[in-house]
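Residues per chain, in single letters:
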Amino acid sequence: MSAPKKYAESPGNQYHATVHESIVYKQDHSKTKGIEPLVAANSHAHRIPLAIRDILERGHKRGLLKNSSLPVEIDAVAVTQGPGMAACLAQGLANAKLLATLWNKPLLYTHHMVAHTLTPLMTSTTPLKFPFLVVLLSGGHTQVVLSSSLTEYKILATTTDNSIGDAFDKVARMLSIDFDWAKTAPGAALEHFARVPPDCKKRKLPIPLKGKSQFSYSGLMVAVQRLVENNPALFSSEEELRYLAHDFQEAAFAQIQDKIHMALAHHSGSPHTIMDIVVSGGVASNQALRHSLSAKFPHLTFHFPPPWLCTDNAAMIAHAGLLLWNPSHDLSQIPYAKWSVEAFAR
Ligand code: KG4
Ligand code: ZN
């Protein structure tokens with residue numbers, strides 16, 4: 001079964017979807033200085049109904065929905081089933097099931113990381129050809145994946161410990177970077193803080209597991225922590241902290257370059273050459289990362305979603321649900337806190 005025809009009629013790209021309106025209900029982690037599972041779950045419980053109410057009202061005001069209580073224009077309700085924090089996923093699932101029941105519409109249970117992977121198909125005008133590489137960089141994942149079709153994913157490299165997003169978040173804290181938690185992700189604050197002149201002094205930080213199909217960020221985090229703790233006088237200078245942030249970023253990105261290089265070398269004998277690469281997930285909004293990857297692999301076509309679609313968003317879930325179109329009336333589905341893209345493919 002495929003999605004209703006009206007969605008495939010956009011010119012140029014058969015997968016093109018239009019984001020009419022977006023509402024940002026950013027969670028405020030300023031009190032906990034990081035994501036606390038219970039606070040995050042309560043915040044989902046509070047904000048998801050508000051976001052649904054607001055988006056339906058706006059859709060009505062803009063003439064996209066005739067009736068905001070029974071929107072006949074909506075064909076299905078897409079919802080993230082996993083992976084992620086179970087308590088947060090459960091809030092999304094409960095709200096989605098309620099809407100689907102009230103409106104008598106099917107549910108589209110969607111995979112969070114597959115949604116990140118397919119995001120460029122939503123906005124990019126450059127065709128994306130299978131097979132392509134996907135670099136998934138988020139708060140929970142650091143993976144290089146080979147995608148051979150909308151439903152086939154093979155993990156070529158993954159992290160053995162922390163994710164790159166986690167490393168950015170923790171190093172932002174170690175460097176005492178000052179930012180507004182209600183508006184900015186710590187990783188984005190670090191990126192901004194790390195903008196130093198190109199001729200700045202460089203400090204060697206660990207780039208582990210070179211040539212191996214694994215990432216590791218714990219050693220890099222410990223190295224930054226030791227430097228700061230062992231040299232309090234030096235790092236009382238904001239300039240030195242900025243240089244260190246820059247060097248951390250470079251070392252974190254060097255691992256990604258290494259794994260892409262390996263994945264390409266590994267695939268070089270196969271009949272389908274990889275020409276396209278998607279870089280997605282919250283960390284992919286980093287401009288320094290985009291520049292360094294594009295410069296390192298000039299022969300590849302990079303597909304970076306626009307930064308506002310790199311971090312978690314509902315549009316990418318709706319879009320993936322639409323592409324994979326697997327309508328379900330099963331209300332018994334539960335969150336999958338852990339759900340690899342390979343298991344999804346099976
Ligand atoms: O995909 P995402 O929004 O949520 C998860 O699925 O985890 O990714 C969140 C991660 C956080 O660690 C956040 O600090 C990081 O993405 N992040 C960034 C940037 N913007 C968000 N990391 C580096 N540079 C950025 N500009
Ligand atoms: Zn995500």
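Each chain carries its own residue numbering, running from 1 in the direction its sequence is written. Whichever chain is written first becomes A and whichever ligand is written first becomes 1, with later ones labelled in order. Restriction of local features to residues with pLDDT of at least 70 applies here, the model being predicted, together with a cutoff of 80 or more for giving and counting side-chain atom pairs; totals for whole chains, interfaces and linings are based on all residues. Only hydrogens and water are removed before side-chain values are computed, so all heavy atoms of the structure are retained for them.

A. Layout of the environment of Val-134. The secondary structure listing takes helices from DSSP runs of H or I that are at least 4 residues long and strands from runs of E that are at least 2 residues long, numbered from the N terminus. For Val-134, the position within the fold is in strand 3 (residues 132-137). Residues Val-134 and Ile-260, spaced 126 residues apart in sequence, show a C-alpha to C-alpha distance of 9.3 Å. In contact with Val-134, not counting residues within four places along its chain, are Thr-117, Gln-143, Val-144, Val-145, Ser-147 and Val-278. Throughout, a contact is declared for two residues whenever any of their heavy atoms are within 4.5 Å.

B. How the structure looks around the confidence of the model for the protein. In the predicted model, the protein carries a mean pLDDT of 92, and 95% of its residues have values of at least 70. pLDDT gives the predictor's per-residue confidence on a scale running from 0 to 100. Note that residues 9-14 has pLDDT below 50 and, in this model, five contacts with residues that lie over four places away or in other chains.

C. Just the pattern of salt bridges, in detail. By definition here, a salt bridge exists when the distance from a side-chain nitrogen of Lys or Arg to a carboxyl oxygen of Asp or Glu is within 4 Å. For the coordinates displayed, the defined rule picks out eight salt bridges. With a closest N to O distance of 3.5 Å, Lys-129 and Asp-276 form a salt bridge. Pair noted here: Lys-129 is in the loop between helix 4 (120-123) and strand 3 and Asp-276 is in strand 7 (residues 276-280), with a separation of 147 residues, a long-range link. Three labels apply to residues, based on accessible area from a 1.4 Å probe with only protein chains included: buried if under 20% of the type maximum, exposed if over 50%, partly exposed otherwise in between. Assessed through its relative accessible area of 1%, Asp-276 is described here as buried. We note a salt bridge from Arg-242 to Glu-238, for which the minimum N-O separation is 2.6 Å. Here the residue Arg-242 and the residue Glu-238 both occupy positions in helix 8 (residues 238-267), the gap between them amounting to four residues, near one helical turn.

D. Region of the structure containing the site of ligand 1. Taken together, 20 residues lie around ligand 1, and Gly-139, Asp-169, Gly-187, Glu-191 and Asp-312 are the ones closest in. Between N or O atoms, a polar contact is any pair within 3.5 Å; within protein, one atom must be a potential hydrogen donor and the other a potential acceptor, and residues adjacent in sequence are included only when both atoms are from side chains. At a separation of 3.0 Å, a nitrogen atom of ligand 1 approaches a polar side-chain atom of Asn-286. A distance of 2.9 Å separates an oxygen atom of ligand 1 from a polar atom in the backbone of Asp-312. Here ligand 1 loses 88% of its free accessible area of 560 Å² to cover by the protein chains. Those elements that place two or more of their residues in the shell around ligand 1 are helix 3 (112-118), helix 5 (164-174) and helix 6 (186-193). Per-element tally for the shell around ligand 1: the top contributor is helix 6, with four residues. Distances are taken per atom, and a residue is near a molecule or strand as soon as one of its heavy atoms is within 4 Å of it. Using a 1.4 Å probe, accessible areas were evaluated by the Shrake-Rupley method; residue-level cover was limited to the displayed protein chains.

E. Focus on the coordination of the zinc ion (ligand 2). Distances up to 2.8 Å from the metal define which N, O and S atoms are donors, and 3.2 Å serves for Na, K and Ca; water is absent from the atom set, so sites may look incomplete. Protein-derived coordination of the zinc ion (ligand 2) comes from His-112 (NE2), His-116 (NE2) and Asp-312 (OD), at a distance range of 2.0 to 2.1 Å. In primary-sequence terms, the residues that donate to the zinc ion (ligand 2) follow H-x3-H-x195-D. Here His-116 and His-112 lie together in helix 3, a separation of four residues that amounts to about one turn. Take His-112 and His-116: they sit in the same class, and that class is buried.

F. Inspection of the packing of aromatic side chains at higher detail. Working definition: rings of Phe, Tyr and Trp (its six-membered ring) pair if their centres are within 6.5 Å, and the pair is stacked with planes under 30 degrees apart, edge-to-face with planes over 60 apart, and tilted otherwise. In the structure shown here, the tally under the stated rule is nine aromatic pairs. Seen from their ring centres, Phe-215 and Tyr-217 are 6.3 Å apart, and the 15 degrees between their planes marks the pair as stacked. Per residue, the accessibility class of Phe-215 equals that of Tyr-217, and both read buried. The interplanar angle of 70 degrees and the centroid separation of 5.7 Å between the aromatic rings of Trp-339 and Phe-344 together place this pair among those described as edge-to-face. Among the aromatic residues, those joined into a cluster by ring pairs are Tyr-153, Tyr-336, Trp-339 and Phe-344. Sitting above the plane of the Phe-215 ring, Lys-259 keeps its charged end 5.9 Å from the centroid. Charge-over-ring contacts are defined here by two conditions on Lys NZ or Arg CZ: a distance within 6 Å of the ring centre and an angle within 35 degrees of the ring normal.

G. Geometry of the environment of Asn-231. Turning to its location among the elements, Asn-231 is positioned in the loop between helix 7 (218-230) and helix 8. For Asn-231, a relative accessible area of 29% puts it in the partly exposed group. Within polar-contact distance, the side chain of Asn-231 engages the backbone oxygen of Leu-227 at 2.8 Å.

H. Structural context of the packing of helix 8 against helix 9 (residues 287-296). For the pair helix 8 and helix 9, interaxial distance at closest approach is 10 Å and the crossing angle is 40 degrees. The angle between helix 8 and helix 9 falls in the class oblique. Crossing of helix 8 over helix 9 shows right-handed handedness. Contact residues: Gln-249, Phe-253, Ile-256, Gln-257 and Ile-260 in helix 8; Ala-288, Leu-289, Ser-292, Leu-293 and Lys-296 in helix 9. For helices, the axis comes from a line fit to the C-alpha atoms of the stretch in contact; other axes are also lines fit to C-alpha atoms, and the angle between any two N-to-C directions lies between 0 and 180 degrees. Throughout this description, any angle smaller than 35 degrees is read as roughly parallel, any larger than 145 degrees as roughly antiparallel, any in the 65 to 115 degree range as roughly perpendicular, and the remainder as oblique. Whether a crossing is left-handed or right-handed is set by the direction in which the near helix is turned from the far one by less than a right angle, anticlockwise for left-handed and clockwise for right-handed.

I. Just the layout of surface pockets, in detail. The method works on a 1 Å grid over the protein atoms by themselves. A cavity is a set of points holding a 1.4 Å probe that cannot get out, a pocket is an open set with protein on both sides within 12 Å along at least five of seven lines, and residues with an atom within 4 Å of a point line them. Grid points are joined across faces, edges and corners, and a volume is the space filled by probe spheres set on the points. A volume near 330 Å³ is recorded for the second largest pocket. Around the second largest pocket sit 17 residues that line it, and Tyr-109, Thr-110, Asn-326, Trp-339 and Phe-344 are the ones nearest its centre. Listing elements by their share of the lining of the second largest pocket, those giving two or more residues are strand 2 (107-111), helix 11 (314-324) and helix 12 (341-345). Residues are grouped as follows: Ala, Val, Leu, Ile, Met, Phe, Trp, Tyr, Cys and Pro are nonpolar; Asp, Glu, Lys and Arg are charged; all remaining types, including Gly, are polar. Taken together, the residues of the lining of the second largest pocket break down into nine nonpolar, eight polar and no charged.

J. Here's a closer look at unusual backbone geometry. A cis amide bond links Gly-82 to the next residue, Pro-83, at an omega of -10 degrees. The topology assignment puts Pro-83 in the loop between strand 1 (77-82) and helix 2 (86-103). With a phi close to 55 degrees, Asn-104 is a non-glycine residue in the positive phi region. By the secondary structure assignment, Asn-104 is in the loop between helix 2 and strand 2.

K. Molecular detail of the sheet that holds strand 3. A strand pair is defined by DSSP finding two or more bridges across the two strands. The six strands are arranged 6-5-4-3-7-8 in an open sheet whose pairing can be described as mixed. The sheet terminates laterally at strand 6 (214-215) and strand 8 (301-303), the two strands that pair on one side only. Sheet topology places strand 3 next to strand 4 (residues 142-149); six bridges connect them, and they run antiparallel. Each bridged residue has a counterpart across the sheet, and for Phe-132 the counterpart in strand 4 is Ser-147. In the packing of helix 8 onto the sheet, the strands contacted are strand 3, strand 4, strand 5 (152-159), strand 6 and strand 7, and the crossing angle to strand 3 comes to about 155 degrees.

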